[in-house]
Amino acid sequence: MKFTVAIDGPAAAGKGTLSKRVAEAFGFAHLDTGLLYRATGAKVLEGADPVAAARALAPEDTAREDLRTSQVAQAASRVAAIAEVRAALVQFQRDFARREGGAVLDGRDIGTVICPDAEVKLFVTASDAVRAERRYLELSGKGQDVSREGVLRDLQERDARDSQRDAAPMTAADDAVLIDTSDLSIEDAVAEAVAHIKAKL
Ligand code: CDP
Ligand code: CDP
């Protein structure tokens, strides 16, 4: 059985958490496509050429423990605006999406560019304040030296760059279901997503 769930939305909206839970609920595989750009960005911070780094990306690069920082997120957002970087990562994502047994992919352009034929498309949002607070709690909880203002600035800068770029800008697909998680618990958001998927299965 092939079945693709595409989950897009701005930074720290809850895409990853939702994707993981949905994948568990249905036994689907999950790909956090942001890790591809974060891993590429991390290599560029170490001096690599962005396009060469994206083309040479290996599984162990996306498993690095140091990808969840604001600095790497910013580098990811910068390399993600380069069309050749995105092109280097397309086939891997499409193959993952059409694997046997179902797949959930989360990112910015899954429902629009990577999997325009996905069986289910969700666009997950939350207010800037809610997203910044969640990411602040997450990063400070891991011991990172961050401020609320700094985290908010990082999210807003990335959202602006991600939605205004020419190459696969972040935008909701016409046929995407919008889920605003500002006032939703994780459980409520999962229940909403599960209901949409069950209706299409
Ligand atoms: O993947 P994305 O950047 O969109 O967000 P995430 O990493 O799934 O969520 C960011 C943080 O918000 C995590 O610490 C989640 O536990 C939390 N979260 C939440 O508090 N309520 C939700 N409805 C969704 C996520
Ligand atoms: O977890 P968070 O939402 O903060 O970020 P992420 O999903 O790990 O993505 C990091 C950066 O990668 C984003 O700011 C985008 O610039 C880029 N990205 C993208 O362009 N396309 C995707 N499908 C996924 C991520």
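For the structure given in this document, a descriptive report is provided here. (Residues numbered from 1 in each chain as written. Chains lettered and ligands numbered in written order. Predicted model: local features only at pLDDT ≥ 70, side-chain atom pairs only at ≥ 80, totals over all residues. Heavy atoms only, no water.)

Turning our attention to the overall build of the protein. Helices and strands together make up the secondary structure of the protein, namely 10 helices and 5 strands. Scaling as 2.2 N^0.38, a compact globule of 201 residues should have a C-alpha radius of gyration of about 17 Å, and the protein matches this with 16 Å. For the protein, the C-alpha atoms occupy an extent of roughly 45 × 35 × 30 Å along the three principal directions. The 201 residues of the protein split such that 47% are buried. (Helix = DSSP H or I, 4+ residues; strand = E, 2+ residues; numbered from the N terminus. Rg over C-alpha atoms; globule rule 2.2 N^0.38 Å. Buried < 20%, exposed > 50% of the residue type's maximum accessible area, 1.4 Å probe, protein only.)

Let us look at the site of ligand 2. By nearness alone, 18 residues border ligand 2, and K15, R38, R86, R135 and D162 come closest of all. The separation between a nitrogen atom of ligand 2 and a polar side-chain atom of T33 is 3.0 Å. Within the side chain of D109, an N or O atom sits 2.9 Å from a nitrogen atom of ligand 2. Put simply, the parts of the chain that give the shell around ligand 2 at least two residues each are α2 (34-45), α5 (70-79) and α9 (148-164). In terms of residue count, the dominant contributor to the shell around ligand 2 is α2 (3 residues). Across the shell around ligand 2, the residue classes tally to 5 nonpolar, 4 polar and 9 charged. (Near = heavy atom within 4 Å. Polar contact = N/O pair within 3.5 Å; in protein donor to acceptor, adjacent residues only side chain to side chain. Nonpolar A, V, L, I, M, F, W, Y, C, P; charged D, E, K, R; others polar.)

Here we take up the side chain of Q93. Note on placement: Q93 falls in helix α6 (residues 83-97). Setting aside its immediate chain neighbours within four residues, Q93 contacts L31, T33, L36, Y37, L105, I110 and I114. (Contact = heavy atoms within 4.5 Å.)

The subject of this paragraph is the site of ligand 1. Looking at ligand 1, there are 14 residues lining it, with G14, K15, G16, T17 and R135 nearest. Within the contact set of ligand 1, an oxygen atom lies 2.7 Å away from a side-chain nitrogen or oxygen of K15. Contact with the protein chains covers 77% of the free accessible surface of ligand 1, which is 540 Å². Elements with a contribution of two residues or more to the shell around ligand 1: α1 (15-26) and α8 (128-141). (Areas by Shrake-Rupley, 256 points an atom, 1.4 Å probe, with all protein chains shown as cover.)

Here the focus is the pairing of strand β1 (residues 4-8). Two faces belong to every sheet, and in a regular strand the side chains alternate between them. In terms of residue burial, β1 counts as a mostly covered element, since 5 of its 5 residues are buried. On β1, burial covers both faces: T4, A6 and D8 on one face and V5 and I7 on the other are all buried. Judged from the 5 bridges that link them, β1 and strand β3 (residues 103-107) form a sheet pairing that is parallel. Residue pairing in the sheet places V5 in a bridge with V104 of β3. (Pairing = 2+ DSSP bridges.)

Attention now goes to the nonpolar core. Judged by nonpolar contacts, the single largest core of 18 residues is most densely connected at V5, I7, L18, V104 and L122. When residues of this core are traced back to their parent elements, those giving at least two are β1, α1, β4 (120-125) and α10 (186-200). Here this core takes 5 residues from α10, the largest share from any one element. A29, L31, V90 and I114 belong to the second-largest nonpolar core, a separate cluster that totals 12 residues. (Core = buried A, V, L, I, M, F, W, Y, C linked by side-chain atoms within 4.5 Å.)

To continue, consider the packing of aromatic side chains. Enumeration according to the criterion identifies 2 aromatic pairs in this entry. Relative to F28, the ring of F3 lies with its centre 5.7 Å away and its plane at 40°, an arrangement referred to as tilted. Residue F3 is located in the segment before β1, and its partner F28 is located in the loop between α1 and β2 (29-32); the two are separated by 25 residues in the primary sequence. The pair formed by F3 and F28 is uniform in burial state, with each residue classed as buried. Three or more aromatic residues link up through ring pairs in this structure, and these residues are F3, F26 and F28. (Phe/Tyr/Trp six-rings, centres within 6.5 Å; stacked < 30°, edge-to-face > 60°.)

Taken as a whole and judged by the stated rule, the model has 15 salt bridges. Across the pair D162 and R108 runs a salt bridge, and its minimum N-O distance is 3.6 Å. With a gap of 54 residues between them, D162 in helix α9 and R108 in the loop between β3 and α7 (110-114) connect regions that are remote in the sequence. For the residue pair D162 and R108, the accessibility class agrees, reading buried in each case. Taken together, the salt bridges that share partners define one network made up of E46, R64 and D66. (Salt bridge = Lys/Arg side-chain N within 4 Å of Asp/Glu carboxyl O.)

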